[in-house]
Amino acid sequence: MTASAEHRINITASRSAKEQRLPLPVDRALNNIPGQGWQVPTTVKSSNVPGAGNGRFADIDIPKGTIIMNKPMVPMSQVSSVLSVSSDEVVVFKNSEEVERFIGLYWEEGKQSRKDVFEYMTHYTFSLSTSEGVTLNFSSAAVNHGDHGVTENTRSFETDGNHLFKTVADVKAGDELLVDYRRYDFNETGKFWLDFCKDEGVGDLFTNMGGEGLVAGGYFASETSETTERLLETMSFDNSITLGRR
C-alpha cells in the first residue's frame, strides 16, 4: 500500500468515527434540530449580546405570558442508555455516581471523550428549586442573560416534572430570547456537583468559565438567596453578561 493510499484510508476512518458520534446537547441546539421542546418557532444563531456567542431568537411574534418551551425532566436513575434520551428531555442527576455514569455512556455509546462531555457539563449544568440534584438539557436552551425589567423577556421554571420557559414581555419576530440569571439560586442539592467538579480540577465554576458557564448547582427561585447574593457579589453583571448558556 502506498503512503498516499494509507493516508486516504486514515482520513476516511477519521471521518467515519466523527460521523458516528452522538452530538453534544449544544450541537443539537446550534443545528436547530426539531423536537427540542420549543412550543414556538425559534432559531439559534449569533447572539446580539456582546461576547455571548450564540443565542436563541423568536421567529414569530409571541405575546406576554406564552409558554414557549416545555421539556420533560427524566431522572438519570431511569436512563440506561443516552441513545434513549429524547432531544426535548432534561436529565436530572442526584449524585456523582450518576454524573459519572452519564459521562461513561456518552463515551461508550456516543463516542464523545470524557474530557469533552465533562467540559460541556461544566458550562451547562444547572438545577431547579423544586427538584433535587442538578440538571442538564439534552438539547441546550441557548438562552442568554437579560436584565430584569430591561431586556429580560422570558423566565424559566419547573412544574409537574417539566422544565418550562414563559414570556414575561411581548416578543417580536427577530427578538433574542433573554432570561435574568440573577433569579438563579443555590442550595445543598447541587453541592455534590460542585464537589465533583472540584475533584476534576475545576475549583470555582462561577469564575473558571470566564462568564460562559452556568452557576452550576444554582436553581430557579422567586427570590435570590443570601448564598447566591454572596456569590453574585464576586461577578460582574452588565448588559453583556454571558453567564450560563443552557
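The rules behind each value
- Residues numbered from 1 in each chain as written.
- Predicted model: local features only at pLDDT ≥ 70, side-chain atom pairs only at ≥ 80, totals over all residues.
- Heavy atoms only, no water.
- Helix = DSSP H or I, 4+ residues; strand = E, 2+ residues; numbered from the N terminus.
- Contact = heavy atoms within 4.5 Å.
- Areas by Shrake-Rupley, 256 points an atom, 1.4 Å probe, with all protein chains shown as cover.
- Buried < 20%, exposed > 50% of the residue type's maximum accessible area, 1.4 Å probe, protein only.
- Lys, Arg positive; Asp, Glu negative; His and termini not counted.
- Salt bridge = Lys/Arg side-chain N within 4 Å of Asp/Glu carboxyl O.
- Axes fitted to C-alpha atoms, helices over the stretch in contact; angles between N-to-C directions.
- Parallel < 35°, antiparallel > 145°, perpendicular 65-115°, else oblique.
- Nonpolar A, V, L, I, M, F, W, Y, C, P; charged D, E, K, R; others polar.
- Expected span 1.5 Å × (residues − 1).
- Arc of directions from axis to C-beta.
- Polar contact = N/O pair within 3.5 Å; in protein donor to acceptor, adjacent residues only side chain to side chain.
- Left-handed = near helix turned anticlockwise from the far one by under 90°.
- Pairing = 2+ DSSP bridges.
- Phe/Tyr/Trp six-rings, centres within 6.5 Å; stacked < 30°, edge-to-face > 60°.
- Lys NZ or Arg CZ within 6 Å of the ring centre and 35° of its normal.

Undergrad: Help me understand the overall build of the protein chain in this model?
TA: Along its length, the protein chain carries seven helices and 11 strands. In the protein chain, 71% of the contacts between residues at least 6 apart in sequence involve partners at least 24 apart. For the protein chain, the accessible area works out to roughly 11,600 Å², and carbon and sulfur atoms hold 48% of it.

Undergrad: I'm lost on the side chain of E98 in this one. Help?
TA: Tracing the sequence through the fold places E98 in helix α3 (residues 96-108). Of the side chains bearing the opposite charge, R101 lies closest to the buried E98, which forms no salt bridge; the N-O distance is 5.5 Å. With sequence-adjacent residues up to four places away left out, E98 is seen in contact with M76, S77, V92 and F93.

Undergrad: Where do I start with the packing of α3 against helix α5 (residues 191-199) in this structure?
TA: Packed helices, taken two at a time, are described by their axes: the angle between them and the distance between them. The geometry of α3 relative to α5 is characterised by a closest axis approach of 9 Å and an angle of 55° between their N-to-C directions. Relative to α5, the element α3 lies oblique. On α5, the residues that touch S96, V99, E100 and I103 of α3 are F192, W193 and F196. Classifying every residue of the contact of α3 with α5 gives five nonpolar, one polar and one charged.

Undergrad: Would you mind going over α3 with me for this structure?
TA: Think of an α-helix as 3.6 residues a turn; residues three or four steps apart then line up on the same face. With 13 residues, α3 extends 18 Å between its outermost C-alpha atoms, agreeing within 8% with the 18 Å of an ideal straight helix rising 1.5 Å per residue. Residues E98, V99, F102, I103, L105 and Y106 constitute the buried set of α3. Burial along α3 is one-sided: seen end-on, the buried residues are contained in an arc of 160°. Every exposed residue of α3 that faces more than 90 degrees away from the buried side is listed here: E97, W107 and E108. Of the residues flanking the start of α3, the one acting as N-cap is N95, its side-chain oxygen 3.2 Å from the backbone nitrogen of E97.

Undergrad: Looking at this structure, how should I read the packing of α3 against helix α4 (residues 114-124)?
TA: Running from N to C, α3 and α4 cross one another at 130°; their axes reach a closest spacing of 9 Å. Classified by the angle their axes make, α3 and α4 are oblique. Classified by chirality, the crossing of α4 by α3 is right-handed. Counting all contacts with α3, which are made through V99, E100, F102, I103 and Y106, the residues of α4 involved are R114, V117, F118 and M121. Considered class by class, the residues forming the contact of α3 with α4 number seven nonpolar, no polar and two charged.

Undergrad: Sorry, what's going on with the sheet that holds strand β4 (residues 90-93) here?
TA: Hydrogen bonds between backbone atoms are what pair the strands of a sheet, whose relative direction is either parallel or antiparallel. The five strands are arranged β5-β4-β3-β8-β7 in an open sheet whose pairing can be described as mixed. The two strands at the open ends of the sheet, each matched to only one other strand, are β5 (134-137) and β7 (154-159). Strand-to-strand, the axes of this sheet are offset by a mean angle of 25°, without reference to chain direction. Bridge count for β4 against β5 is four bridges, and the pairing is antiparallel. Bridging from a neighbouring strand, V92 pairs with T135 of β5. Each of β4 and β5 is contacted by α4, which is oriented at about 105° to β5, the strand it contacts most.

Undergrad: Explain the pairing of β7 here, please?
TA: On a regular strand, one side chain projects to one face of the sheet and the next to the other, so that they alternate. Going residue by residue along β7, you find T154, S156 and E158 tucked away on one face and R155, F157 and T159 left uncovered on the opposite face. Pairing of β7 with strand β8 (residues 162-167) involves six bridges; the strand directions are antiparallel. When the bridges of β8 are listed, S156 appears paired with F165. Counted between consecutive antiparallel strands, the loop separating β7 from β8 contains two residues, among which D160 sits at a positive phi close to 50°.

Undergrad: Help me understand the packing of aromatic side chains in this model?
TA: To describe a pair of aromatic rings, you give the distance between the ring centres and the angle between the ring planes. Enumeration over the complete set of coordinates arrives at eight aromatic pairs. Measuring from centroid to centroid gives 6.1 Å for Y106 and F138, while their planes differ by 45°, and the two rings are tilted. Of this pair, Y106 sits in helix α3 while F138 sits in the loop between β5 and β6 (144-145), and the two are 32 residues apart along the sequence. Residue classification places F138 among the buried residues on the basis of a relative accessible area of 2%. Members of the aromatic cluster, each reached through a chain of ring pairs, are F93, F102, Y106 and F138. Positioned above the aromatic ring of F138 is the side chain of R28, whose terminal nitrogen or guanidinium carbon lies 4.0 Å from the ring centre. Residue placement shows K45 over the ring face of F57; its charged tip is 4.9 Å from the ring centre.

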